[in-house]
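Descriptive structure summary
Read off the chains here:
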Amino acid sequence: MKPFQRVCRFKSLLANCCCHGQLHSCLLPPAAKKIGCAAGLHNGGFWKPKSLLNTARFTLSFNSRHRKNHQDSRALWKHEAVQKYLETLSKEYQQVSHLLNADSVNDFEQRTLRRRCADLSPIAAAFQEIKEAEKEVQELEAMCKELDSRDEKQLLELALEEKETLDKKINMMCRKLFQLLVPKEKYDKSHVILEVTAGRTTGGDICQQFTKEMFEMYQNYADYKCWTFDIVSYMPAEIGGLHHAAAHISGDDVYRHLKYEGGTHRVQRIPETGLSSRMQRIHTGTMSVIVLPQPEEVDVKVDPKDLRIDTFRAKGAGGQHVNRTDSAVRIVHLPTGLAVECQQERSQLLNKDIALRTLRAKLYQQIIEKQLSQEQSARKLQLGTRAQSERIRTYNFTQDRVTDHRISYDARNIKEILNGKEALDKLINRLLEFAEMEAVTEYLESLQAVEGGGC
């Protein structure tokens, strides 16, 4: 899935500012009016509260344009619009804190103010902490100039080291601040169903082999993140590869880390065995990854009358129960035609339960796609489907390089990435950081456009 082709639902911003969602002051509680007046937001009988970033209206198409000179968190922090926006939130936090201590505030207003205070408190604290750290950096810079003029080399080196440490600390704090400004998506904490499927190739069996390596990579990554990885289905290829496999992954923030892995992954390599010398050249193949948020049972109701449940004998390696008992289960959802299979467990009941969970996840994904297509009718969204219009990542074995085309990022040492540990985690976190920065950048561009239009 491409970053920001999902619609990020941020609940508390832009809806009530910049000519959108204006509320008449008579409809607001007295405390809200006090906040609006104190912050200078009351204008012509309307109250426009400041709020947290809302990028619900913004999606980023990597097909049409790509921001090559992407700003990092430190550069965005220095942006005038960001500073002005954060100053406003900091002042509002002070006003809300003051009103919370007022005796005239009733219980309803207290609850409203506490919620707002809880939203603003970490942002205001991070903002102040960065400002203080920047003051220390300025003092160190002045000290370095003075030490340099005195030719105090040892003290200068110590001051420069301290400045470098502070700069790294500020970069980390800026990243955390923007994470606070960009709220988590609704499904970020969800468990997921991850599916891998081999694609087509120009020759050999590299697709099946690559699909197996990718599935093992995500299995190792789940172990690295201390998640639970339960294989739901596994269809091996004849020559040691993999046609298709699915797994249920549960743990902390699973979907948040894996949501951008969905899409078409391309491999370029020279097959190691099985081809004549004439075919010993670079072959290109693909495989697709689908990442579905795992819904709770109450999220999707499945009528038993709409299901056709078939049982059959499991295939492949697996012990005495394989090809002897009808333990495998296939469930078809008749209204949509969706079909899922599970043959991993010895028990038919367990396989049925796992297949039902997978079916609910796929039905849930259809609901999400329908909602998003209604909200973004002018844009064709491809979320968690096998019809990905372009590759998201290339694994070039001959150059020992992995390229993520969505963020123009190259990483070396393919084996380390396929190992599914620190190198893959670094790549995934790079994607998450890029997505967060894009959300802030999109917001700033929209804000400037609104102000330029004289709204």
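Whatever comes next refers back to the structure up there.
Residues numbered from 1 in each chain as written. Predicted model: local features only at pLDDT ≥ 70, side-chain atom pairs only at ≥ 80, totals over all residues. Heavy atoms only, no water.

As for the overall build of the protein
- The number of helices and strands found in the protein is 10 helices and 14 strands.
- A fraction of 68% describes how many contacts in the protein between residues 6 or more apart in sequence connect residues 24 or more apart.
- As displayed, the protein offers around 24000 Å² of accessible surface, 48% of which is attributable to carbon and sulfur atoms. (Helix = DSSP H or I, 4+ residues; strand = E, 2+ residues; numbered from the N terminus. Contact = heavy atoms within 4.5 Å. Areas by Shrake-Rupley, 256 points an atom, 1.4 Å probe, with all protein chains shown as cover.)

So, the nonpolar core
- Leu-194, Ile-249 and Leu-258 are the most contacted members of the largest nonpolar core, which has 57 residues in total.
- Grouped together as the second largest cluster of nonpolar side chains are 32 residues, Leu-76, Leu-147, Ile-170 and Leu-444 included. (Core = buried A, V, L, I, M, F, W, Y, C linked by side-chain atoms within 4.5 Å. Buried < 20%, exposed > 50% of the residue type's maximum accessible area, 1.4 Å probe, protein only.)

Some points on the packing of helix H4 (residues 107-150) against helix H5 (residues 153-181)
- Orientation of H4 relative to H5, taken along the N-to-C sense of each, is 160 degrees, at an axis distance of 9 Å. Classified by the interaxial angle, the pair formed by H4 and H5 is roughly antiparallel. Along this stretch, H4 crosses H5, giving a crossing that reads as left-handed.
- Across the contact of H4 with H5, the residue classes tally to 21 nonpolar, no polar and nine charged. (Axes fitted to C-alpha atoms, helices over the stretch in contact; angles between N-to-C directions. Parallel < 35°, antiparallel > 145°, perpendicular 65-115°, else oblique. Left-handed = near helix turned anticlockwise from the far one by under 90°. Nonpolar A, V, L, I, M, F, W, Y, C, P; charged D, E, K, R; others polar.)

What to know about the sheet that holds strand S9 (residues 307-312)
- Ordered in space as S9-S10-S11, the three strands form an open sheet in which the pairing is antiparallel. The open sheet has two free edges, formed respectively by S9 and strand S11 (338-342), since each of these has just one partner strand. Strand-to-strand, the axes of this sheet are offset by a mean angle of 15 degrees, without reference to chain direction. (Pairing = 2+ DSSP bridges.)

Points about the pairing of strand S6 (residues 242-250)
- Within S6, eight of the nine residues are buried, which leaves the element mostly enclosed by the surrounding structure.
- Where strand S5 (residues 228-236) and S6 come together, eight bridges link them in antiparallel fashion. Counted as the bridge partner of Asp-230 is His-248 from S6.
- The hairpin formed by S5 and S6 contains five residues between the paired strands, and Gly-240 there has a positive phi angle of roughly 70 degrees.

Some words on H4
- Its 44 residues place the ends of H4 63 Å apart at the C-alpha level, agreeing with the 64 Å of an ideal helix rising 1.5 Å per residue.
- Roughly 35 degrees is the biggest bend found in H4, and it falls at Leu-120, with proline Pro-122 one to four residues downstream.
- The residue sitting at the N-terminus of H4 and contributing the capping side-chain oxygen is Asn-106; that oxygen lies 3.2 Å from the backbone nitrogen of Phe-108. (Expected span 1.5 Å × (residues − 1). Bend = angle between axes of the 7 residues up to and from the residue. Polar contact = N/O pair within 3.5 Å; in protein donor to acceptor, adjacent residues only side chain to side chain.)

Some words on the packing of aromatic side chains
- Tallied over the full model, the rule gives six aromatic pairs.
- Through pairs of rings, three or more aromatic residues link up here, namely Phe-215, Phe-229 and Tyr-234.
- The ring of Phe-397 has Arg-269 sitting right over it, with the charged end atom 3.8 Å from the ring centre. (Phe/Tyr/Trp six-rings, centres within 6.5 Å; stacked < 30°, edge-to-face > 60°. Lys NZ or Arg CZ within 6 Å of the ring centre and 35° of its normal.)

Things to note about a negative patch on the surface
- A cluster of acidic residues, Glu-129, Glu-132, Glu-136, Glu-139 and Glu-162, forms a negative patch at the surface.
- In terms of residue count, H4 provides more of the negative patch than any other element does, four residues in total.
- Residue Glu-139 is classed as exposed on the basis of its relative accessible area, which comes to 55%. (Patch = residues over 30% accessible without salt bridge, like charges linked within 9 Å, V, L, I, M, F, W, Y side chains within 5 Å. Salt bridge = Lys/Arg side-chain N within 4 Å of Asp/Glu carboxyl O. Lys, Arg positive; Asp, Glu negative; His and termini not counted. Charge placed at Lys NZ, Arg CZ, Asp CG, Glu CD.)

So, the pairing of strand S10 (residues 328-333)
- Burial of S10 is extensive: five of the six residues sit out of reach of the surface.
- In this antiparallel pair of consecutive strands, S10 and S11, the connection spans four residues, and Gly-337 shows a positive phi of 80 degrees.

Quick word on unusual backbone geometry
- One non-glycine residue, Cys-226, adopts positive backbone phi at about 60 degrees.
- Note on placement: Cys-226 falls in the loop between helix H6 (206-224) and S5.
- At Asn-413, a residue that is not glycine, the phi angle is positive and equals roughly 70 degrees.
- With respect to the helices, strands and loops of the structure, Asn-413 is situated in the loop between strand S14 (409-412) and helix H9 (414-418).

Some points on the pattern of salt bridges
- Throughout the structure, instances matching the rule amount to 20 salt bridges.
- A salt bridge links Asp-167 to Lys-163, with the nearest nitrogen and oxygen atoms 3.1 Å apart. Taken together, the residues span about one helical turn, with Asp-167 and Lys-163 both in helix H5 at a distance of four residues. Across the pair, Lys-163 and Asp-167 agree in class, each one buried.
- For Lys-189, the salt bridge goes to Asp-253, with nearest N and O atoms at 3.5 Å. With a gap of 64 residues between them, Lys-189 in the loop between H5 and strand S4 (192-201) and Asp-253 in the loop between S6 and helix H7 (254-258) connect regions that are remote in the sequence.
- A relative accessible area of 65% means that Lys-189 is categorised as exposed.
- The structure contains a network of salt bridges with shared partners spanning Arg-175, Arg-256, Glu-433 and Glu-436.

Just distances and angles here, no functional claims.
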